[in-house]
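Chain residues, written in single-letter form:
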Amino acid sequence: MSQSNLITMDEFTIRETRKFPQATGDLSALLRDIGLAGKIINNQVRRAGLVDILGKHGATNVQGEEQMKLDIFANDTLIKILKNSTECAGIASEENDEHLSYEDTFSLNSKYVVLFDPLDGSSNIDVNAPIGTIFAIYRRVSELGKSCTEADFLQPGNRLMAAGYVIFGSSTMLVYATRLGVNGFTLEPSIGEFCLSHPNMKCPENGKIYSLNQGNSIKFSDGMQSYLNYCMESNKEEGRPFSHRYIGSMVADMHRTLLKGGIFMYPADKSNVNGKLRLQYECNPMAFILEAAGGKAVSGSQNILDITPTELHQRVPIFIGSKKMVDKVMEYVKEHEPVS
Ligand code: AHG
Ligand code: MN
Ligand code: MN
């Protein structure tokens, strides 16, 4: 595509907003600011190895996980950019114990709050594998003009206004979803703009790839173990076993699942009864994106998006991807242990 034919993300978002005469453009501005943070984080990620940003930071986060230097950099970048944004009342981050309310006049009067996993796939930073940033945008439920409250961050995913991710892979892409659909934008480094490259993304209804940390399988339920056997057998859908792919960065595994179909799972196991992944920073935004693209996401007993969070850093088991594959794994799980 010639550079003069490119549609930038900002232009695209403004055009989408125009479909709603009552829209104020605040959401477009917020997405632009998140895109800016994505570009700044991208600059650091692309220099990893040359500047002193690889390795551990030396601290642990609220969840007891070791923080990497890039986790901290990405977190600080998002917090500062969103503070300067006129459209964000406050944030909650995987790396912060509590939510943060921005107290300047613009922020206090902003409609939106943002939740994020600033750097997803931390363990992949030092080995140059894809990593990402995940974000979720809600309309606040607290009173305009006042500080935002924890209730703003404990809304179920079905109230999301938008959600997305930036993937730092072989190229850098920003993918975001609203109720209008899912669109992907590739960073054109020479002009520093995210440009529309993947319009109207749809997750195939069925797929041939299963993705999970199979090293945990000894601790899985009987239902999960029999589903894994089904994936590894020569099954009737494929005439051969499904392929297994697992990068260990949810963003990267989900990006493949969105484009090619398949299923990504992080189930509960005997030692982690709620799985590992976080509802508000990882599962809800990804579930919103996949559902907007025609896919499905469940925790086992219910749709991910219907869960009302009770705490900020809550974890939840997840099965997400092509609709038919999600339905299939649920058949196996429910056959062995009926869930409510
Ligand atoms: P984070 O780097 O934000 O802590 O997230 C890591 C998550 C997720 O990206 C990935 O799917 C999963 O943890 C990998 O976990 P295992 O190493 O247990 O497979
Ligand atoms: Mn993560
Ligand atoms: Mn993270």
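The model shown is predicted, which means the values in this text are computed figures rather than measured ones. (Residues numbered from 1 in each chain as written. Chains lettered and ligands numbered in written order. Predicted model: local features only at pLDDT ≥ 70, side-chain atom pairs only at ≥ 80, totals over all residues. Heavy atoms only, no water.)

(A) Representation of unusual backbone geometry in the model. With a phi angle near 60 degrees, N128 is a residue other than glycine that sits in the positive phi range. Following the sequence through the fold, N128 ends up in the loop between β5 (112-120) and β6 (131-139). (Helix = DSSP H or I, 4+ residues; strand = E, 2+ residues; numbered from the N terminus.)

(B) Fine view of the packing of helix α1 (residues 9-17) against helix α2 (residues 26-46). Interhelical geometry of α1 versus α2 gives an angle of 160 degrees and a closest axis separation of 9 Å. Between α1 and α2, the crossing angle belongs to the class labelled roughly antiparallel. You can see that α1 and α2 cross each other, and the crossing is right-handed. The residues of α2 that touch α1, namely those facing M9, D10, T13, I14 and T17, are S28, L31, R32 and G35. (Axes fitted to C-alpha atoms, helices over the stretch in contact; angles between N-to-C directions. Parallel < 35°, antiparallel > 145°, perpendicular 65-115°, else oblique. Left-handed = near helix turned anticlockwise from the far one by under 90°. Contact = heavy atoms within 4.5 Å.)

(C) Up close: the sheet that holds strand β10 (residues 193-198). Taken together, the eight strands give an open sheet; going across it, the order is β4-β3-β5-β6-β7-β8-β9-β10, and neighbouring strands pair in mixed fashion. Edge positions in the open sheet fall to β4 (100-101) and β10, since each of these has one partner strand only. Note: β6 against strand β7 (residues 160-168), eight bridges, orientation antiparallel. Residue pairing for β7: T133 is matched across the bridge by V166. (Pairing = 2+ DSSP bridges.)

(D) The arrangement of the coordination of the manganese ion (ligand 2) in detail. Looking at the metal site, the manganese ion (ligand 2) is ligated by D117 (OD), D120 (OD) and E282 (OE), spaced 1.8 to 2.1 Å from it. Coordination of the manganese ion (ligand 2) draws on donor residues from a single chain, spaced D-x2-D-x161-E in sequence. Taken as a pair, the manganese ion (ligand 2) and the manganese ion (ligand 3) show a spacing of 3.8 Å, with D117 coordinating each metal. Placement of D117 in strand β5 and of E282 in helix α7 (residues 279-292) is noted, with a sequence separation of 165 residues between them. Classification of D117 as buried rests on a relative accessible area of 0%. On the basis of relative accessibility, which here comes to 1%, the residue E282 falls in the buried class. (Donors = N, O, S within 2.8 Å, 3.2 Å for Na, K, Ca; no water. Buried < 20%, exposed > 50% of the residue type's maximum accessible area, 1.4 Å probe, protein only.)

(E) Highlighting the site of ligand 1. Around ligand 1, the structure places 17 residues, and the nearest of them are D120, S122, Y246, M250 and Y266. Alone, ligand 1 offers 470 Å² of accessible surface; in the complex the protein occludes 85% of this. Contributions of two or more residues to the shell around ligand 1 are made by β5 and β13 (263-266). For the shell around ligand 1, a count of residues per class yields six nonpolar, five polar and six charged. When residues of the shell around ligand 1 are assigned to domains, at least three map to each of domain 1 (3-198) and domain 2 (209-336). (Near = heavy atom within 4 Å. Areas by Shrake-Rupley, 256 points an atom, 1.4 Å probe, with all protein chains shown as cover. Nonpolar A, V, L, I, M, F, W, Y, C, P; charged D, E, K, R; others polar. Domains from an automatic or database assignment.)

(F) Quick peek at the packing of aromatic side chains. This structure, assessed with the given rule, holds seven aromatic pairs. Aromatic side chains Y230 and F242 sit 5.7 Å apart centroid to centroid with 80 degrees between the ring planes, which places their arrangement in the edge-to-face category. Pair noted here: Y230 is in helix α5 (residues 222-232) and F242 is in the loop between α5 and β12 (243-244), with a separation of 12 residues, a long-range link. Assigned by exposure class, Y230 and F242 land together as buried. When the centroid spacing of 6.4 Å and the interplanar angle of 15 degrees are considered together, the rings of Y246 and F264 count as stacked. Of the two residues, Y246 is situated in the loop between β12 and α6 (250-260) and F264 in strand β13; the sequence distance between them amounts to 18 residues. What makes F264 buried here is its relative accessible area of 1%. A network of ring pairs unites the aromatic residues Y227, Y230, F242 and Y332 as a single cluster. (Phe/Tyr/Trp six-rings, centres within 6.5 Å; stacked < 30°, edge-to-face > 60°.)

(G) Representation of the sheet that holds β12 within the structure. Taking strand neighbours across the sheet as the criterion, the five strands line up as β12-β11-β13-β15-β14 in an open arrangement whose pairing is mixed. Every interior strand has two partners, whereas the edge strands, β12 and β14 (296-298), have only one. Along the sheet face, α6 touches β11 (209-211), β13 and β15 (318-321) and points at about 150 degrees away from the line of β13. Packed onto the sheet, α7 meets β14 and β15 and runs at close to 30 degrees relative to β15.

(H) Representation of the domain arrangement of the protein within the structure. Domain boundaries assigned for the protein yield domain 1 (3-198) and domain 2 (209-336). Just the C-alpha atoms count here: the centres of domain 1 and domain 2 sit 24 Å apart. With 47 residues of domain 1 at the contact, the number on the domain 2 side is 31 residues. Each partner contributes to the roughly 2800 Å² buried at the junction of domain 1 and domain 2, and carbon and sulfur atoms together form 65% of this total. Connecting domain 1 to domain 2 are one salt bridge. A salt bridge links E94 to R278, with the nearest nitrogen and oxygen atoms 3.4 Å apart. There are 12 residue pairs in polar contact (both at pLDDT 80 or more) connecting domain 1 and domain 2. Secondary structure elements with two or more residues in the side of domain 1 that touches domain 2: β3 (88-93), β5, β6, β7, β8 (172-178) and β9 (181-188). The element that contributes the greatest number of residues to the side of domain 1 that touches domain 2 is β7, accounting for eight residues. Residue composition of the side of domain 1 that touches domain 2, by class: 24 nonpolar, 15 polar and eight charged. (Buried area = accessible area lost by both parts, 1.4 Å probe. Salt bridge = Lys/Arg side-chain N within 4 Å of Asp/Glu carboxyl O. Polar contact = N/O pair within 3.5 Å; in protein donor to acceptor, adjacent residues only side chain to side chain.)

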